[in-house]
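Close look at the chain arrangement
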Amino acid sequence: MDMEDRKENGRLVIRVSGRLDSATAPRFEERLMAAISGGEKRIAVNFESLEYISSAGLRVLLKAARELKTAGGGLALCCMRDYIREVFDLSGFVSIIPVVATEGEALDKVG
């Protein structure tokens, strides 16, 4: 798994590529939690190049969403391949974390 991040108008965008599974989820969690601890409240995660996500990856996203909600911020996900989106639909995560088509929409969702 690779991650790239950038700031856009006071919001953090994290692009994740490769596999988000039990082997890589701890590093992803560390990055998200460090951002939140560092004061980031509005985070968009771009999954355009994500090839696979496991329950370990979903757990990290849920934890981050809860932390951001508590801090008065938000998390939004975008640019998913159809089979990745299906994981979010079947697990019910789309009712917890906004999942949108484009990065621009995700940035709008987080404010």
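In the annotation of an unreviewed UniProt entry, the entry for the chain reads Anti-sigma factor antagonist, and the organism field reads Desulfocurvibacter africanus PCS. The annotation that UniProt attaches to the chain under Sequence similarities (unreviewed entry) is "Belongs to the anti-sigma-factor antagonist family."

With that out of the way, let us pick up the sheet that holds strand E5 (residues 99-100). The sheet built from 5 strands is open, its strands ordered E1-E2-E3-E4-E5 with mixed pairing. Strands with a single pairing partner mark the edges of an open sheet, and in this sheet they are strand E1 (2-8) and E5. Note that strand E4 (residues 74-78) and E5 share 2 bridges and pair parallel. Within the sheet, the bridge partner assigned to cysteine 78 lies in E5 and is valine 100. Against the sheet, helix H3 (residues 82-91) makes contact with strand E3 (42-53), E4 and E5, and its axis sits at roughly 115 degrees relative to E3, the strand it touches most.

A word on the environment of arginine 66. Structurally, arginine 66 can be placed in helix H2 (residues 55-70). The spatial distance from the C-alpha of arginine 66 to the C-alpha of methionine 33 is 11 Å, given a sequence separation of 33 residues.

Aromatic ring pairs: the centre-centre distance and the angle between the two ring planes describe each pair. Per the stated rule, a full pass over the model turns up 2 aromatic pairs. Aromatic pair phenylalanine 47 and phenylalanine 88: ring centres 6.4 Å apart, planes at 35 degrees, arrangement tilted. Of the two residues, phenylalanine 47 is situated in strand E3 and phenylalanine 88 in helix H3; the sequence distance between them amounts to 41 residues. Summarising the burial analysis for this pair, phenylalanine 47 and phenylalanine 88 share the class buried. Ring plane angle 85 degrees and centroid distance 6.2 Å describe the contact between phenylalanine 88 and phenylalanine 93, whose orientation is recorded as edge-to-face. When its relative accessible area of 0% is taken as the criterion, phenylalanine 88 is described as buried. Put simply, the rings of Phe47, Phe88 and Phe93 touch in pairs and so form one group of aromatic residues. A cation sits over an aromatic face here: arginine 19 above tyrosine 52, 4.2 Å from the ring centre.

Basis of the calculations
Residues numbered from 1 in each chain as written. Predicted model: local features only at pLDDT ≥ 70, side-chain atom pairs only at ≥ 80, totals over all residues. Heavy atoms only, no water. UniProt positions renumbered as here; feature names shortened; annotations may be inferred. Pairing = 2+ DSSP bridges. Helix = DSSP H or I, 4+ residues; strand = E, 2+ residues; numbered from the N terminus. Contact = heavy atoms within 4.5 Å. Axes fitted to C-alpha atoms, helices over the stretch in contact; angles between N-to-C directions. Phe/Tyr/Trp six-rings, centres within 6.5 Å; stacked < 30°, edge-to-face > 60°. Buried < 20%, exposed > 50% of the residue type's maximum accessible area, 1.4 Å probe, protein only. Lys NZ or Arg CZ within 6 Å of the ring centre and 35° of its normal.

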